[in-house]
Amino acid sequence: MRRTALILGIISGIWGMIVGFFGYGYTEFINWFGEIPDIAEQVDNVNKTRFLALVAPILALVGGGMAMSLPLVAGALLILSAGGMYLGFEFGAFTMFPITLCLVAGILALTAGLLKKED
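Residues numbered from 1 in each chain as written. Predicted model: local features only at pLDDT ≥ 70, side-chain atom pairs only at ≥ 80, totals over all residues. Heavy atoms only, no water.

To continue, consider the nonpolar core. With 15 residues, the main nonpolar core has A5, A60, A74, M85, C102 and A105 as its most contacted residues. Of all the elements in the fold, those that place two or more residues in this core are α1 (2-33), α2 (46-66), α3 (71-89) and α4 (96-115). Ranked by the residues each element gives to this core, the list is headed by α3, at 5 residues. Sequence-distant contacts of M85, that is, excluding residues within four places in its chain, are made with S12, G16, A56, P57, A60, E90, P98, I99 and C102. (Core = buried A, V, L, I, M, F, W, Y, C linked by side-chain atoms within 4.5 Å. Buried < 20%, exposed > 50% of the residue type's maximum accessible area, 1.4 Å probe, protein only. Helix = DSSP H or I, 4+ residues; strand = E, 2+ residues; numbered from the N terminus. Contact = heavy atoms within 4.5 Å.)

Set out below in structure tokens:
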């Protein structure tokens, strides 16, 4: 379970970074060029989106990296990362996989930590 949490955490962190780059870039693009009504509008809270675009993928990568040694902490970080991605980008076509992978990895890491079984 720990290895699976490690792999899923790293994959979701990398995918989350890609989503985060585009989310941050989208907010910058709209600031530079302005909104196009009904096509490209600015997000409600730009600072929240930018902050979560940075922090949520980092939490996933750190949680995935810690899954083997500290699974309880890793599980908490992975679940926080999933929540951050959901709050920052909502659940959509490009975020469904990193959010779901973070949740699954977090649950697996927490389960592995509670069982205290060595892989």
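Another aspect to go through is the environment of G13. One can find G13 in helix α1. Taking C-alpha positions, G13 is 21 Å from T27, a pair spaced 14 residues apart along the chain. Those residues in contact with G13 that lie beyond four places of it in its chain are P57, A60 and L61.

Before going further, it helps to spend a moment on the pattern of salt bridges. All chains considered together, the criterion is met by 1 salt bridge. As a salt-bridge pair, E28 and R50 come within 2.6 Å of each other at their nearest N and O atoms. Of the two residues, E28 is situated in helix α1 and R50 in helix α2; the sequence distance between them amounts to 22 residues. Taking the relative accessible area as the measure of exposure, E28 reaches 23% and is therefore partly exposed. Given a relative accessible area of 17%, R50 falls into the buried group. (Salt bridge = Lys/Arg side-chain N within 4 Å of Asp/Glu carboxyl O.)

Looking now at the side chain of T95. Tracing the backbone through its elements, the reader meets T95 in the loop between α3 and α4. Not counting residues within four places of it along the chain, the set of residues in contact with T95 comprises V19, F89 and E90.

Bringing the packing of aromatic side chains into the picture now. Across all of its chains, the model carries 2 aromatic pairs by this definition. Residues F29 and F33 carry aromatic rings whose centres are separated by 4.8 Å and whose planes lie at 50° to one another, so their mutual orientation is tilted. With a gap of 4 residues between them, F29 and F33 both fall in helix α1, about one helical turn apart. Between W32 and F33, the aromatic rings sit 6.3 Å apart at their centres with planes inclined by 80°, giving edge-to-face as the arrangement. As far as burial versus exposure is concerned, W32 and F33 are alike and both exposed. The structure contains a cluster of three or more aromatic residues connected by ring pairs, namely F29, W32 and F33. A cation sits over an aromatic face here: R50 above Y24, 4.8 Å from the ring centre. (Phe/Tyr/Trp six-rings, centres within 6.5 Å; stacked < 30°, edge-to-face > 60°. Lys NZ or Arg CZ within 6 Å of the ring centre and 35° of its normal.)

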